[in-house]
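Structure assessment
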Amino acid sequence: MPKRILITGGAGFIGSHLADNLLRHGHEVRALDCLSPQVHGVDRRRPSYLDPEVELIEGDVCDSAAVRRALRGVDAVYHFAAKVGVGQSMYQIADYTQVNNVATAVLLEALVENPVERLIVASSMSIYGEGLYRTEDGELVPGHERPLAQLQKRDWELRDRKGRLLTPVPTPETKTPTLASVYALSKYDQERMCLIVGRAYRIPTVALRFFNVYGPRQALSNPYTGVMAIFASQLLNNLPPLIFEDGLQQRDFIHVRDLAEGCRLALETPDVAGEVFNLGSGHRYTVREVGERVAAALGRENVEPKIIERYRVGDIRHCFADTSLARRRLGFEPRITFEEGVADLVNWLERQEVDGRAPDARTELEERGLTV
Ligand code: UD1
């Protein structure tokens, strides 16, 4: 059954891909988006990639009148509007709390008055902090924050009390959250607030924990964009990618079109209200590998990445998704291989204007003492 769907943050990277997916499946899509200059540039024009079929309401999710207008006649809501820089959240604390936490509260108050058939909220792997690990004795333990003294010695891996290495394993939804940044805190807050209010007012709600999403339309001008886009724009500017720690930290990279499909399944699958799902590829790659693959795809193998042996405050060592719950309950089946995905990102990037200044959040973080 075609539905009328609101995506908050629908002009952004993930929201716009979701809009494409929903339109393809016969739904009508409205986006509420403030066209933030950090993402959309100073002239804040409707992005050319946004399908003309999407009805764009330019407005702020913190503005309850705009939210109420956007909710008119809508059957379901995806709440994707958020500020997404982990490092930035550590100094724009009030702003992150306003845009991520307070705006969710504003949306929920409006939803209580205009209930919908389903609310889907974008949560994040960042809420786990470190992922799940196995000890040498085979016991599964949540990863702990690495002590600063250890990191200052450039000893990057997690160890148990006796100093023995811990081995990372896929992280399931049941892993206890460890909130290590204001961003992570705000994402957990969004997720819980939606589930709590959804349950109380019988608005069927689903929370999706996104892993490291990449693909075309990733904001290049935004220094807090993901590592893959950062490396690619550095390489296109003939600058070496800067790799934190030793580059052997592992992440789960999921292509944005696979992610969008998972988001649609969360709308259309019956009986999943109140549940939380990891959306990742289920595969892991080291940051070094990411640098190598992107360089190869761009034909820049000659540009050596710089391994800077510094810790970015708030960073975790390893986290990758256990996707079995999403596979079982939603029928989620990521299809785009890492090779295809990187080629797709690079192909898109080569057609963009990448200005002489590749995004560099490092200087800003260093000035604030947020690297070690
Ligand atoms: C974080 C969040 C995630 C959020 C994403 C995008 C955590 C644990 N996760 O992911 O929820 O969706 O940001 O905002 O907080 N790196 C470099 N050089 C760079 C940039 C990054 O080496 O120039 C390294 C980082 O140190 C990190 C890895 O690449 O180890 C991935 O970084 P990034 O893409 O920023 O994402 P996460 O921190 O994993």
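All figures in this text were calculated on a predicted structure; none of them were measured in a lab.

We now examine empty space enclosed by the protein. Evaluated as defined, the whole model comprises two cavities of 30 Å³ or more. Roughly 50 Å³ of internal volume is contained in the largest cavity. As for the largest cavity, its lining consists of G129, E130, G143, H144, E145, T178, A180 and I316. Looking at the lining of the largest cavity, its residues break down into two nonpolar, four polar and two charged. One number sums up the size of the second largest cavity: a volume of about 40 Å³. Per-class residue counts for the lining of the second largest cavity are two nonpolar, one polar and four charged.

Attention shifts here to the sheet that holds strand β9 (residues 205-210). Here seven strands make up an open sheet; going across it, the order is β3-β2-β1-β4-β5-β9-β14 and the pairing parallel. The open sheet is flanked by β3 (55-58) and β14 (276-279), the only strands paired with a single partner. Taking each pair of neighbouring strands and ignoring which way they run, the sheet shows an average axis angle of 20°. Inspection of the sheet shows strand β4 (residues 76-79) paired to strand β5 (residues 118-124) by four bridges, in the parallel sense. Bridged to V77 within β5 is L119. Across the sheet, helix α1 (residues 13-24) touches β1 (4-8), β2 (28-33), β4 and β9, and the angle it forms with β1 is around 170°. Relative to the sheet, helix α7 (residues 182-200) contacts β4, β5, β9 and β14, its axis offset from that of β5 by approximately 160°.

Looking at the ligand, there are 20 residues lining it, with V84, S124, L242, R251 and D315 nearest. One nitrogen or oxygen atom from the main chain of V84 is found 2.6 Å from an oxygen atom belonging to the ligand. A distance of 2.8 Å separates an oxygen atom of the ligand from a polar backbone atom of F244. Burial of the ligand by the protein amounts to 91% of the accessible area it has alone, namely 740 Å². Of all the elements in the fold, those that place two or more residues in the shell around the ligand are α8 (227-236) and β11 (242-243). With three residues, the top contributor of residues to the shell around the ligand is α8. Grouping the amino acids of the shell around the ligand by side-chain chemistry returns 12 nonpolar, five polar and three charged.

Two side chains with opposite charge may pair up if their charged atoms get near one another. Overall, the coordinates contain 23 salt bridges when judged by the stated rule. D95 serves as the salt-bridge partner of K83, at 3.2 Å between the closest nitrogen and oxygen. Taken together, the positions of K83 in the loop between β4 and α4 (86-89) and D95 in helix α5 (residues 93-113) put the pair 12 residues apart, joining distant regions of the chain. Among the residues examined, K83 registers a relative accessible area of 19% and is labelled buried.

Rules used in this analysis
- Residues numbered from 1 in each chain as written.
- Predicted model: local features only at pLDDT ≥ 70, side-chain atom pairs only at ≥ 80, totals over all residues.
- Heavy atoms only, no water.
- 1 Å grid on protein atoms, 1.4 Å probe; cavity = no way out; pocket = protein on both sides within 12 Å on 5 of 7 lines; lining within 4 Å.
- Points joined across faces, edges and corners; volume = space filled by probe spheres on them.
- Nonpolar A, V, L, I, M, F, W, Y, C, P; charged D, E, K, R; others polar.
- Pairing = 2+ DSSP bridges.
- Helix = DSSP H or I, 4+ residues; strand = E, 2+ residues; numbered from the N terminus.
- Axes fitted to C-alpha atoms, helices over the stretch in contact; angles between N-to-C directions.
- Contact = heavy atoms within 4.5 Å.
- Near = heavy atom within 4 Å.
- Polar contact = N/O pair within 3.5 Å; in protein donor to acceptor, adjacent residues only side chain to side chain.
- Areas by Shrake-Rupley, 256 points an atom, 1.4 Å probe, with all protein chains shown as cover.
- Salt bridge = Lys/Arg side-chain N within 4 Å of Asp/Glu carboxyl O.
- Buried < 20%, exposed > 50% of the residue type's maximum accessible area, 1.4 Å probe, protein only.

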